[in-house]
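Report on the structure
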Protein chains: 2
Amino acid sequence: MSPAQEQAARTLLETASLRRTRPRLLVLQSLLQASYPVTQEQIAEQLGDKSPNKVTIYRTLEALCTAGVVHKAFLQDRTWHFEPAHNCSEHQCHPHFTCIACGQTTCLMDMQVPAVKSTHNGYTIHRQRMQLEGLCPNCSC
Amino acid sequence: MSPAQEQAARTLLETASLRRTRPRLLVLQSLLQASYPVTQEQIAEQLGDKSPNKVTIYRTLEALCTAGVVHKAFLQDRTWHFEPAHNCSEHQCHPHFTCIACGQTTCLMDMQVPAVKSTHNGYTIHRQRMQLEGLCPNCSC
DNA sequence: AGTCTATTCGCAACTTAGTTGCAAATAAAA
DNA sequence: TTTTATTTGCAACTAAGTTGCGAATAGACT
Ligand SMILES: [Mn+2]
Ligand SMILES: [Mn+2]
Ligand SMILES: [Zn+2]
Ligand SMILES: [Zn+2]
């Protein structure tokens, strides 16, 4: 973990008005250095010996989500995958692509998805999530 | 359950090359008469005394999904919601809207969502799911 | 109609992501 | 340094979905 990321984690906690605790700094750094959304288990694995307790990771993720610093990106195999919210706008997150062959999920930051109107027949739309399935470049062969 | 729906259920089973058993007919009829995606538990509840065993409902839904007659519409609260596939195209399902106030989910059959291209930077896209969150007409007040 | 067999069903036991209650530890304010 | 509200870790729990296996049955064949 780079010093820059450690600093970023501290700043995010301050932004969120959350106490600067060891578990929170570790979880945030783990999220920041990942290049795709990760699960509680992946975070724990990545942190190894230093990892906080499972319950603490979940509670930290929940607090960060409530503060808007982290998003629940998608639910896959009944498991939530989390990512920093810094690349998403308020209403529209980038699409996520899951390969049905290798299981790998990718953030399609460069794909243009037209945002739906914020209202539709009386519905007020706060958030839009796009989930794509198919074959990744590797598995398309 | 109308006789028409009973007939529709029989036809769908035939289409899917699945044996016409009591549990399968019941599950299919329950799906057909629902106006939104439903869970295993909702199906069991709706069928009441006549409901097949929980495991049988899951296995039936799985078989119907494999046959393409039913779709897993979305995962909510770690629970799959199923619906007949008859209103979806091969690649694009209609968007689903969940109200964050009352929890109700609606199929937005009339919303135009531009289908993403079937390829993107080497990714081959087979299926696209759009999930919307916000306030339903009732709760927008 | 009766027989046969591959398929399907029901039950009990299991798996696992996520949650809850509570006592011990600690961040940060005083 | 002291104090206290907040946070953490542990153990036990919850609940959707799965698995193994013996019993039941759809549908083919006589
Ligand atoms: Mn992403
Ligand atoms: Mn639908
Ligand atoms: Zn792949
Ligand atoms: Zn509502």
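Residues numbered from 1 in each chain as written. Chains lettered and ligands numbered in written order. Predicted model: local features only at pLDDT ≥ 70, side-chain atom pairs only at ≥ 80, totals over all residues. Heavy atoms only, no water.

With that settled, consider the coordination of the manganese ion (ligand 1). Residue and element names in this part refer to chain A. Listed as protein donors to the manganese ion (ligand 1) are E83 (OE), E83 (OE), H94 (NE2), H96 (NE2) and C107 (SG); their distances from the metal cover 2.0 to 2.8 Å. Each donor residue of the manganese ion (ligand 1) belongs to the same chain, with the gaps between them written as E-x10-H-x1-H-x10-C. Here H94, found in the loop between β2 (79-84) and β3 (96-99), pairs with C107, found in strand β4 (residues 105-107); they are 13 residues apart in sequence, far enough to count as distant. Given the relative accessible area of 9%, H94 is considered buried. Note on C107: relative accessible area 16%, which makes it buried. (Donors = N, O, S within 2.8 Å, 3.2 Å for Na, K, Ca; no water. Helix = DSSP H or I, 4+ residues; strand = E, 2+ residues; numbered from the N terminus. Buried < 20%, exposed > 50% of the residue type's maximum accessible area, 1.4 Å probe, protein only.)

Glancing now at the packing of aromatic side chains. Under the criterion given, the structure shown has two aromatic pairs over all chains. Sitting over the face of the ring of W80 of chain B, K72 of chain B holds its NZ or CZ atom 5.1 Å from the ring centroid. (Phe/Tyr/Trp six-rings, centres within 6.5 Å; stacked < 30°, edge-to-face > 60°. Lys NZ or Arg CZ within 6 Å of the ring centre and 35° of its normal.)

Our focus in this paragraph is the protein's contact with DNA strand C. Residues in contact with DNA strand C amount to 20 residues; listed here are only the nearest, Y58 and W80 of chain A together with T21, T56 and R59 of chain B. Sugar and phosphate atoms represent 63% of those atoms of DNA strand C found within 4 Å of the protein. Measuring from a sugar or linking oxygen of DNA strand C, one finds a side-chain N or O atom of R19 of chain B at 3.5 Å. Those elements that place two or more of their residues in the surface near DNA strand C are α4 (54-66) and β2 of chain A together with α2 (22-33) and α4 (54-66) of chain B. Looking at the surface near DNA strand C, the element that brings in the most residues is α4 of chain A, giving four residues. Among the residues making up the surface near DNA strand C, the classes are represented as six nonpolar, five polar and nine charged. (Near = heavy atom within 4 Å. Polar contact = N/O pair within 3.5 Å; in protein donor to acceptor, adjacent residues only side chain to side chain. Nonpolar A, V, L, I, M, F, W, Y, C, P; charged D, E, K, R; others polar.)

It is worth spelling out the coordination of the manganese ion (ligand 2) at this point. Residue and element names in this part refer to chain B. For the manganese ion (ligand 2), the full set of protein donor atoms is E83 (OE), E83 (OE), H94 (NE2), H96 (NE2) and C107 (SG), at a range of 2.0 to 2.8 Å. We note that the donor set of the manganese ion (ligand 2) lies within a single chain, spaced as E-x10-H-x1-H-x10-C. Of this pair, H96 sits in strand β3 (residues 96-99) while C107 is found in strand β4 (residues 105-107), placing the two residues eleven residues apart along the sequence. Its relative accessible area of 2% is what places H96 among the buried residues.

Looking now at the interface of chain B and chain A. Taken together, the contact pairs 30 residues of chain B with 30 residues of chain A. Each partner contributes to the roughly 3000 Å² buried at the junction of chain B and chain A, and carbon and sulfur atoms together form 59% of this total. Among the residues of chain B in contact with chain A, R78, Y123 and E133 of chain B are the three that bury the most area, contributing 22% of the side total. Across the contact surface, chain B and chain A share two salt bridges. (Contact = heavy atoms within 4.5 Å. Buried area = accessible area lost by both parts, 1.4 Å probe. Salt bridge = Lys/Arg side-chain N within 4 Å of Asp/Glu carboxyl O.)

Once that is clear, we can look at the confidence of the model for chain A. Summarising the model, chain A shows a mean pLDDT of 89, and 89% of its residues fall at 70 or more. Across chain A, element-level confidence peaks in α4 of chain A with a mean pLDDT of 98 and bottoms out in strand β5 (residues 119-120) of chain A with 68. (pLDDT = per-residue confidence, 0-100.)

For the pair chain B and chain A, the best superposition has an RMSD of 0.1 Å and corresponds to a rotation of 180 degrees with a translation of 0.0 Å parallel to the axis. Taken together, these values place the two copies in the relation of a two-fold axis. Looking at chain B, 100% of its interface residues are interface residues in chain A too, so the copies touch through the same face. (Least-squares fit on C-alpha atoms with pLDDT ≥ 70 in both.)

In this section: unusual backbone geometry. Residue and element names in this part refer to chain A. One non-glycine residue, S17, lies in the positive phi region at around 55 degrees. Mapped onto the fold, S17 is located in the loop between α1 (3-15) and α2 (22-33). Using a relative accessible area of 66% as the deciding quantity, one classes S17 as exposed. Positive phi, close to 50 degrees, is recorded for D77, a residue that is not glycine. Tracing the backbone shows D77 in the loop between β1 (70-76) and β2.

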